[in-house]
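Breakdown of the fold
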Amino acid sequence: MPSPAATEIAIVGTGYVADYYGHSLDHHRDGLTLRGAFDLDPARLASFVTAFGGRAYASLDALLDDPAVAIVLNLTDPHAHLEVSRRIIAAGKHLYTEKPLAMTAAQAVELRALAEAAGVRIAAAPCNVLGESAQTLWRAVRQKLVGEIRLIYAELDDGMIHKLPTRDWLSTSGKPWPASGEFEVGCTFEHAGYTVAPLAAMFGPVVRVTAFATLACPDKAMSPPPGGWAPDVSIGCLEFESGVVARVTNSIVAPYDHRLRLIGEQGVLAMAEPWHYDCPVRVRRSANDRVSRYLERRLGWLPTRSVPPVRPVPFQRKRGRPTMDFMRGVRELADALRESRPSRLDADFAVHVTEVTEMLQYPERFPSPAQVQSRFAPIDPMPWAR
Ligand SMILES: NC(=O)c1ccc[n+]([C@@H]2O[C@H](COP(=O)([O-])OP(=O)(O)OC[C@H]3O[C@@H](n4cnc5c(N)ncnc54)[C@H](O)[C@@H]3O)[C@@H](O)[C@H]2O)c1
């Protein structure tokens with residue numbers, strides 16, 4: 001039987017985030033086709049295929065038995081990732097998984113080995129590194145717009161989410177945002193990839209992690225799961241092989257602050273949201289005279305200018321639609337398969353991001369500083385951003 005076309009995809013897990021993928025499919029009609037989906041919850045599955053098309057498979061086996069499907073997207077909740085991914089790989093399908101690839105580095109390594117043995121590819125979200133903003137930032141780094149980068153501050157503080165009316169947060173097809181699941185998995189496992197992955201792409205592998213994590217707000221105004229809530233704050237220091245150092249925070253406690261700041265010899269490159277594809281990248285010079293020092297100290301302000309974007313974002317912001325193109329990572333995998341080249345978000349990279357994330361969220365599992373074992377081959381910027 002001929003191998004299935006790389007463009008045929010199917011989705012396992014049609015919860016909250018699946019709608020983001022469904023909407024993002026609009027940007028890839030020329031490269032990806034949705035064959036169908038499966039969810040343990042028939043109502044969730046029905047509303048998804050009604051909204052976005054494709055078949056409602058009767059079971060995971062039925063989906064995996066469809067010879068036309070080349071890539072299966074694992075969009076289940078993180079605690080289900082490992083088992084579902086194992087089955088996808090065992091069925092000989094390429095896997096694109098939402099982050100985290102797995103809940104431990106050891107499990108991520110296991111999945112990579114299984115994929116190698118089965119001759120299939122793994123790629124993992126997040127794919128914000130493939131977005132226009134991250135690519136603009138990366139080009140500014142390569143062009144040394146602020147000289148050599150010496151220090152990075154990467155914040156992913158989301159405010160006290162448990163105090164917000166999260167019950168009202170619904171995806172466009174009506175799925176509630178899974179607050180309890182998110183608090184159980186932990187904001188670091190949920191979010192660190194959005195900064196660790198782009199920084200690793202730009203500066204190479206992380207070699208050491210020094211971290212602290214805690215559960216600062218145990219009362220989430222809902223019943224905790226049997227294992228308790230995961231840490232809701234982590235603060236880490238990453239040392240990259242290239243010598244750059246980054247301070248990264250992840251919390252659902254400190255006030256909303258998603259700033260990513262790359263501090264160079266001559267100034268600072270900054271963006272306010274690492275996951276918005278249309279977030280402007282701004283540059284400011286270092287305070288290096290009396291006037292600029294005064295402005296910075298007294299007013300907390302220095303003039304900034306926009307860095308020209310590598311290209312316009314090829315879609316418009318719309319209410320209820322994601323600010324990221326969630327399918328871009330899937331498209332990258334599909335293109336890589338068609339072009340017989342490695343995907344930019346391949347298994348080695350995903351294992352690395354998972355290992356660093358585990359060190360940030362559960363530092364007590366590792367000696368301090370933790371020595372990162374995983375490495376990955378250098379990643380190319382997108383062709384349109386070179
Ligand atoms: N919620 C967000 O804002 C968001 C954003 C980006 C990425 N993500 C990631 O997306 C993934 C899914 O998150 P979500 O918010 O959509 O969760 P969710 O709980 O809303 O949806 C998960 C779905 O997977 C289904 N499922 C679980 N186990 C299954 C199995 N064995 N077979 C078939 N279906 C199964 C559940 O029934 C549920 O419908 C997670 O990895 C999360 O980290 C979430």
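Notes on the overall build of the protein
A count of helices and strands for the protein gives 12 helices and 15 strands. Taken over C-alpha atoms, the radius of gyration comes to 21 Å for the protein, in line with the 21 Å a tight globule of 386 residues would show. For the protein, the residues scored as buried account for 56% of the 386 residues in total. Pairs at least 24 residues apart make up 72% of the contacts formed inside the protein by residues separated by at least 6 positions. Per element, the accessible surface of the protein, about 16700 Å² overall, is 54% carbon and sulfur. Here the protein carries 43 positive and 43 negative side-chain charges, and the mean point of each set is 7 Å from the other.

Thoughts on the sheet that holds strand 5 (residues 94–97)
Across a sheet, paired strands are connected by hydrogen bonds in the backbone, their directions being either parallel or antiparallel. Across the sheet, which stays open at both edges, the six strands sit in the order 3-2-1-4-5-6 with parallel pairing between neighbours. Each end of this open sheet is capped by a strand with a single partner; those strands are strand 3 (55–56) and strand 6 (122–124). Examined bridge by bridge, strand 4 (residues 71–74) and strand 5 share four bridges and lie parallel to one another. Following the sheet pairing, Leu73 is matched in strand 5 by Tyr96. Sheet contacts for helix 11 (residues 328–338): strand 1 (8–12), strand 4, strand 5 and strand 6; angle to strand 5, the most-contacted strand, approximately 160°.

Here we look at the pattern of salt bridges
Scanning the model with the defined rule gives 32 salt bridges in all. Two residues, Arg331 and Asp335, come together in a salt bridge whose shortest N-O distance is 3.1 Å. Here the residue Arg331 and the residue Asp335 both occupy positions in helix 11, the gap between them amounting to four residues, near one helical turn. Side by side, Arg331 and Asp335 carry an identical accessibility label, which is buried.

Some thoughts on the site of the ligand
Near the ligand lie 24 residues; those nearest to it are Val17, Asp39, Arg44, Lys99 and Glu190. Leu40 places a polar main-chain atom, nitrogen or oxygen, 3.4 Å from a nitrogen atom of the ligand. Between the ligand and Glu190, the relevant distance is 2.7 Å, taken from an oxygen atom to a side-chain nitrogen or oxygen of the residue. Considering the ligand on its own, with 830 Å² of exposed area, one finds that the protein chains cover 87% of that surface. Ranked by residue count, the leading element in the shell around the ligand is helix 4 (residues 78–90), at four residues. Grouping the amino acids of the shell around the ligand by side-chain chemistry returns 13 nonpolar, four polar and seven charged.

Observations regarding the nonpolar core
Leu73, Tyr96, Ile152, Phe203, Leu238, Leu262 and Leu269 are the most contacted members of the largest nonpolar core, which totals 101 residues. Shared between two domains, this core holds at least three residues of each, these being domain 1 (8–124) and domain 2 (132–309 + 347–375). For Ile152, the contacting residues outside a window of four places in its chain are Leu199, Phe203, Val244, Val245, Ala246, Arg247, Leu260, Arg261 and Leu262. In this structure, Phe183, Cys187, Trp229 and Ile252 belong to the second largest nonpolar core, which totals eight residues.

Description of the packing of aromatic side chains
Counted under the stated rule, the structure contains 12 aromatic pairs. Arranged with centres 5.1 Å apart and planes meeting at 35°, the rings of Tyr20 and Phe326 form a pair that is tilted. In this pair, Tyr20 sits in helix 1 (residues 16–24) while Phe326 sits in the loop between strand 14 (305–306) and helix 11, placing the two residues 306 residues apart along the sequence. Three or more aromatic residues link up through ring pairs in this structure, and these residues are Tyr16, Tyr20, Tyr21 and Phe326. The side chain of Lys220 reaches across the aromatic face of Phe183, ending 5.6 Å from its centre. Positioned over the ring face of Tyr362 is Arg365, at 3.9 Å from the centre of the ring.

Points about helix 4
Over its 13 residues, helix 4 extends 19 Å from the first C-alpha to the last, a length consistent with the 18 Å expected when each residue adds 1.5 Å. The axis of helix 4 is deflected most strongly, by about 25°, at Val84. The set of residues buried in helix 4 consists of Pro78, His81, Leu82, Val84, Ser85, Ile88 and Ile89. Gly92 lies just past helix 4 and shows a positive phi near 80°.

Some points on the packing of helix 6 (residues 132–142) against helix 9 (residues 193–203)
Two elements in contact, helix 6 and helix 9, have axes whose closest approach is 10 Å; the angle formed by their N-to-C orientations is 30°. Viewed along their axes, helix 6 and helix 9 adopt a mutual orientation that is roughly parallel. Every pair of crossing elements has a handedness; the one defined by helix 6 and helix 9 is right-handed. Note on element contacts: helix 9 touches helix 6 through Ala201, Met202 and Phe203, opposite Ala134, Leu137, Trp138 and Val141.

A few points about the sheet that holds strand 9 (residues 233–240)
Pairing in this open sheet of nine strands is mixed, and the strands run 14-13-12-11-7-10-9-8-15 from one edge to the other. Whereas interior strands pair on both sides, the edge strands pair on one side only; in this sheet they are strand 14 and strand 15 (370–371). With two bridges joining them, strand 13 (residues 281–285) and strand 14 adopt antiparallel strand pairing. Pairing of Arg282 across the sheet is with Ser306, part of strand 14. On the sheet, helix 6 packs against strand 7 (149–157), strand 11 (260–264), strand 12 (267–271) and strand 13 and is oriented at approximately 170° with respect to strand 12.

The rules behind each value
Within each chain, residue numbers correspond to sequence positions counted from 1 in written order. Residue-level local features of this predicted model are given only where pLDDT is at least 70; pairs of side-chain atoms are given and counted only at 80 or more, and the full residue set underlies all totals for whole chains, interfaces and linings. Computation of side-chain values: all heavy atoms of the structure, hydrogens and water removed. Per the convention used, a helix needs a DSSP run of H or I reaching at least four residues, while a strand needs a run of E reaching at least two, with both numbered from the N terminus. Restricting the calculation to C-alpha atoms gives the radius of gyration, and the globule rule supplies 2.2 Å times the number of residues raised to the power 0.38. Each residue's exposure class comes from its accessible area (1.4 Å probe, protein chains only) as a fraction of the maximum for that residue type: buried when under 20%, exposed when over 50%, partly exposed otherwise. Contacts are assigned to residue pairs that have any heavy atoms within 4.5 Å of one another. Note on areas: Shrake-Rupley, 1.4 Å probe, and residue coverage restricted to the protein chains presented here. All tallies of charge rest on Lys and Arg as positive and Asp and Glu as negative; His and the ends of each chain are not included. To locate a charge, take NZ of a lysine, CZ of an arginine, CG of an aspartate or CD of a glutamate. Strands pair, by our definition, only if DSSP identifies at least two bridges between them. Each axis is a line fitted through C-alpha atoms, taken for helices only over the stretch in contact, and angles between the N-to-C directions span 0 to 180 degrees. For salt bridges, the criterion is a side-chain nitrogen of Lys or Arg within 4 Å of an Asp or Glu carboxyl oxygen. By convention in these notes, a residue is near a molecule or strand provided one of its non-hydrogen atoms lies within 4 Å of it. Think of a polar contact as two N or O atoms within 3.5 Å of one another; within protein, one of them needs to be a possible hydrogen donor and the other a possible acceptor, and neighboring residues in sequence only count if both atoms come from side chains. Residue polarity follows a fixed list, in which Ala, Val, Leu, Ile, Met, Phe, Trp, Tyr, Cys and Pro are nonpolar, Asp, Glu, Lys and Arg are charged, and the others, Gly among them, are polar. The set of buried Ala, Val, Leu, Ile, Met, Phe, Trp, Tyr and Cys residues whose side-chain atoms join them within 4.5 Å is what this entry labels a nonpolar core. All the domain ranges listed were derived from an automatic or database domain assignment. Pairing of aromatic rings covers Phe, Tyr and the six-membered ring of Trp, with a centre-to-centre limit of 6.5 Å; geometry is then stacked below 30 degrees between planes, edge-to-face above 60, and tilted otherwise. Criterion for a charge above a ring: Arg CZ or Lys NZ at most 6 Å from the ring centre, at most 35 degrees from the ring normal. Helix span, expected: 1.5 Å multiplied by one less than the number of residues in the helix. Given a residue, its bend is the angle between the two axes fitted to the seven residues that end at it and to the seven that start from it. Should an angle lie under 35 degrees it is considered roughly parallel, over 145 roughly antiparallel, and from 65 to 115 roughly perpendicular; all remaining angles are considered oblique. Handedness of a crossing follows from how the near helix is turned relative to the far one, being left-handed for an anticlockwise turn of less than a right angle and right-handed for a clockwise one.

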